[in-house]
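Coordinate analysis (summary)
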Amino acid sequence: MAAKNLYDTISKELAEEVQKCGCMKQTGVSLRHMMNFGGKSSPRNLLISAQFLHKELPIRIARRVIELENLPYGLSSRPAVLKVRDWYLDSFRDLRSYPEIKDKNDELGFTQMVKMIKVRHNNVVPVMALGIQQLKKERPKFDYEDLREIHQFLDRFYMSRIGIRMLIGQHVALHDPNPPPNCVGYIHTKMSPLEVARYASEDARGICLREYGSAPDVNIYGDPDFTFPYVPTHLHMMVFELVKNSVRAVQERFMDSDKLVPPIRIIVADGLEDVTIKVSDEGGGIPRSGLPKIFTYLYSTARNPLDEHITTTDVATACTMAGYGYGIPISRLYARYFGGDLQIISMEGYGTDAYLHLSRLGDSEEPLT
């Protein structure tokens, strides 16, 4: 990939450094490795963790900078995309200029810096969404096939972002002097999927209540005593997105009806390899022709809050019941990050079943591209 655009806006030295790091091999880690390593938290392990991040993060970030420079359809020159690229460049520069980590003080300083990097990148998803939304407005004839290349880039880009945030978050969380019981950084070694599903469902119903004034019930089935190691924040986000879609579909279908509103059903099954969570609704389903589109970015059956009036500064406040069409594809990336998957099966005229598969083994390495 050529870095010709980079030379226009940053120093030749930095552009060359980005190119050099972007060609290096990334190192994937598994949930089990993070759990085992973090379980023996000590000053030495924190030092090793910081040294790994110091070497690994610039490689991952450089790859994204290079990709952001080489997007099709003029997307790289969109103001929103340039803003994201600049965040990544700033983080790359911070990491590369940080001196070698040799002792506890170096490690603590580095940890503060990566915390700031994580905060800097908080709004990457909605700002990128704005850039692509602007492109779609300019090219109204853009269809599903035209977006394939952009979709593949966004899958790689957001999967990498999940990994970067997981590594930083895990490292920072290991510094907690009083971690909650059974927690190793971000990982809960005895996470109850039923409990997480209950909290996520309550949050999704809360949004529906605010938006519509009422919300369908959510019934959850499964073994309440079953636990397994996973990242509760990831599971919460995935179940929240699925239930949010279901309650909205059911609410809108039955809003003006005298019929009894059917509940959303969540079933948690614990298999030997996978834990599977099924979210079923009777919200009318999705046409078969529309099913491939639900995993593409900026496909939504609801109104889109990212319109042309929104700037990159206030984009973070644009949160509605429907979101901006990223919930389902990003949920699938979160599932795949630790070796799981998300499948959606629909019966048009009846409802939708979403199957969220989570790997119970925890030995799948991050999918890096």
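Here, every reference points to the structure presented above.
An account of the accompanying structure is given in this report. None of these values were measured; they are calculated from a predicted model.

Definitions and limits used
- Residues numbered from 1 in each chain as written.
- Predicted model: local features only at pLDDT ≥ 70, side-chain atom pairs only at ≥ 80, totals over all residues.
- Heavy atoms only, no water.
- Helix = DSSP H or I, 4+ residues; strand = E, 2+ residues; numbered from the N terminus.
- Expected span 1.5 Å × (residues − 1).
- Buried < 20%, exposed > 50% of the residue type's maximum accessible area, 1.4 Å probe, protein only.
- Phe/Tyr/Trp six-rings, centres within 6.5 Å; stacked < 30°, edge-to-face > 60°.
- Lys NZ or Arg CZ within 6 Å of the ring centre and 35° of its normal.
- Pairing = 2+ DSSP bridges.
- Contact = heavy atoms within 4.5 Å.
- Axes fitted to C-alpha atoms, helices over the stretch in contact; angles between N-to-C directions.
- Core = buried A, V, L, I, M, F, W, Y, C linked by side-chain atoms within 4.5 Å.

**Examining helix α8 (residues 148-173)**
Here α8 spans 37 Å end to end across 26 residues, near enough to the 38 Å set by a 1.5 Å rise per residue. For α8, the tally of buried residues reaches 20 of 26 residues, placing the bulk of the element in the interior.

**A few points about the packing of aromatic side chains**
Per the stated rule, a full pass over the model turns up eleven aromatic pairs. Aromatic side chains Y158 and Y326 sit 5.7 Å apart centroid to centroid with 70 degrees between the ring planes, which places their arrangement in the edge-to-face category. In this pair, Y158 is assigned in helix α8 and Y326 in the loop between β6 (274-281) and α11 (327-337), connecting sequence segments 168 residues apart. Y326 carries the same exposure label as Y158, and that label is buried. Through a chain of ring-to-ring contacts, the aromatic side chains of Y88, F153, F157, Y158, Y297 and Y326 assemble into a single cluster. Its guanidinium or amino end placed over the ring of Y199, R198 lies 5.8 Å from that ring's centre, counting from NZ or CZ. Residue placement shows R332 over the ring face of F295; its charged tip is 3.9 Å from the ring centre.

**Quick word on the sheet that holds strand β4 (residues 228-230)**
Ordered in space as β1-β2-β4, the three strands form an open sheet in which the pairing is antiparallel. If you trace the sheet from one side to the other, it starts and ends with β1 (183-184) and β4, each paired once. As paired strands, β1 and strand β2 (residues 187-191) are joined by two bridges and run antiparallel to one another. Along β2, the bridge assignment pairs C183 with H188. Most of the contacts of helix α10 (residues 232-254) go to β4, to which it runs at about 85 degrees, and overall it touches β2 and β4.

**Brief notes about the side chain of T111**
Relative to the elements of secondary structure, T111 occurs in helix α6 (residues 104-120). On the basis of relative accessible area, T111 is assigned to the buried category, the value being 4%. Other than its neighbours up to four places away in sequence, T111 contacts H171, V172 and H175.

**Points about the nonpolar core**
By size, the foremost hydrophobic cluster in this structure holds 102 residues, and its most contacted members are M128, Y158, L235, I266 and L356. For this core, the element with the highest residue contribution is α8, accounting for eleven residues.

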